[in-house]
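# Summary of structural features
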Amino acid sequence: MMNRLGVEHAKVIPNGVDLNLFREISREEARIKMGWSHRKIVLWPANPAREVKNVTLAMESAKLLAGQQVELKVIHGEPTSMMPWFYNAADVVLVTSKWEGSPNVVKEALACNVPVVSTPVGDVAVWLNETEGCEVVPADAKLIADAVSRVLRWSRRINGRKVIQELDIERISSRLMNEYLAVSLATFKVTHER
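This brings us to helix 7 (residues 141-154). The first and last C-alpha atoms of helix 7 sit 20 Å apart over 14 residues, in line with the 20 Å expected at 1.5 Å per residue. Of the residues one or two after helix 7, Ser155 is the one with positive phi, at around 45°.

In structure tokens form, the structure reads like this:
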């Protein structure tokens, strides 16, 4: 984006995550609340109508996992307050997007210590490569299904919350305020020096 806009320097501050809301909850408790079965659950939290999210790839991958008693749950349009329950009820969160910037669903799942399998979009590799039990794989149904199978065999919580501590909404808010203050002071100084 910097190249396209002809900008030489920029600071990128990612969206933060509310670590008070997005937290680990017992999978059993979350499944009871959601009324979900005890099968292996792959959560795909996106709007299937948005082509960029690539629901077709998610469905193709799920078909390849059918013999393993894996169920794909497509979640869309739910209130933010319910999302921690959905994440925690799942065994793995799946992202099959064609492109992204910094997908919130990845950071929210990591905050809940739920493993993620994702296509290599946006900054997901930054977070998932640091998190044991997660995978970044090419946009290929077989490769995704294989990665999901490996993550399901992992069958335990991950250290995602520890990895994304720097994305705590309070820290991100402070960074944003500091940037606004710095720009305001610089602008004030330039206008008063004239």
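On we go from here.
So, on to a nonpolar patch on the surface. On the surface, Met1, Met2, Leu5 and Val7 cluster together into a nonpolar patch covering about 430 Å² of accessible area. Along the chain, Val7 turns up in the loop between helix 1 (2-5) and helix 2 (27-34).

Moving on: unusual backbone geometry. Positive phi outside glycine occurs at Asn54, with the angle close to 65°. Within the secondary structure, Asn54 is located in the loop between strand 1 (40-45) and helix 3 (55-64). Asn54 sits in the buried class, given a relative accessible area of 16%. Despite not being glycine, Gln69 shows a phi value in the positive range, around 60°.

Among the six residues of strand 1, five are classified as buried, and the element is accordingly described as predominantly covered. In the sheet, strand 1 pairs with strand 2 (residues 70-75) via six bridges, with the strands oriented parallel. Paired with Val42 across the two strands is Leu72, which belongs to strand 2. On the question of chirality, the crossover connecting strand 1 to the parallel strand 2 by way of helix 3 is right-handed. Direction of pairing for strand 1 relative to strand 3 (residues 92-95): parallel, over a ladder of two bridges. Counted as the bridge partner of Val42 is Val92 from strand 3.

For the coordinates displayed, the defined rule picks out two aromatic pairs. Between the aromatic rings of Trp36 and Phe86, the centroid separation amounts to 5.8 Å while the plane-to-plane angle is 45°, which identifies the pairing as tilted. Of this pair, Trp36 sits in the loop between helix 2 and strand 1 while Phe86 is found in helix 4 (residues 83-89), placing the two residues 50 residues apart along the sequence. Relative accessible area serves as the criterion here: at 12%, Trp36 is assigned to the buried category. Using a relative accessible area of 7% as the deciding quantity, one classes Phe86 as buried. Its end group placed over the ring of Trp85, Lys33 keeps NZ or CZ at 5.0 Å from the ring centre. Across from the ring centre of Trp154, 3.7 Å away, lies the NZ or CZ of Arg156, which sits over that ring.

Across the sheet, which stays open at both edges, the five strands sit in the order 2-1-3-4-5 with parallel pairing between neighbours. Each edge of the sheet is formed by a strand with only one pairing partner; in this case those strands are strand 2 and strand 5 (135-136).

Right, let's get into the pattern of salt bridges. A side chain with one charge may pair with a side chain of the opposite charge, provided their charged atoms come close. Enumeration over the complete set of coordinates arrives at eight salt bridges. In this structure, Glu100 engages Lys53 in a salt bridge whose closest nitrogen and oxygen atoms are separated by 2.6 Å. With Glu100 in the loop between strand 3 and helix 5 (104-111) and Lys53 in the loop between strand 1 and helix 3, this pair connects stretches of sequence that are 47 residues apart. Accessibility expressed as a relative area gives 23% for Glu100, which makes it partly exposed. The closest approach of N and O atoms between Arg150 and Glu135, which form a salt bridge, is 2.6 Å. Highlighted residues: Arg150 in helix 7 and Glu135 in strand 5, separated in sequence by 15 residues. Take Arg150: its relative accessible area is 37%, and that puts it in the partly exposed class. We classify Glu135 as buried; its relative accessible area is 19%. Each of Arg27, Arg31 and Asp91 takes part in one network of salt bridges that share partners.

Scoring rules and cut-offs
- Residues numbered from 1 in each chain as written.
- Predicted model: local features only at pLDDT ≥ 70, side-chain atom pairs only at ≥ 80, totals over all residues.
- Heavy atoms only, no water.
- Helix = DSSP H or I, 4+ residues; strand = E, 2+ residues; numbered from the N terminus.
- Expected span 1.5 Å × (residues − 1).
- Patch = residues over 30% accessible without salt bridge, like charges linked within 9 Å, V, L, I, M, F, W, Y side chains within 5 Å.
- Areas by Shrake-Rupley, 256 points an atom, 1.4 Å probe, with all protein chains shown as cover.
- Salt bridge = Lys/Arg side-chain N within 4 Å of Asp/Glu carboxyl O.
- Buried < 20%, exposed > 50% of the residue type's maximum accessible area, 1.4 Å probe, protein only.
- Pairing = 2+ DSSP bridges.
- Right-handed = clockwise from strand over helix to strand, strands pointing away.
- Phe/Tyr/Trp six-rings, centres within 6.5 Å; stacked < 30°, edge-to-face > 60°.
- Lys NZ or Arg CZ within 6 Å of the ring centre and 35° of its normal.

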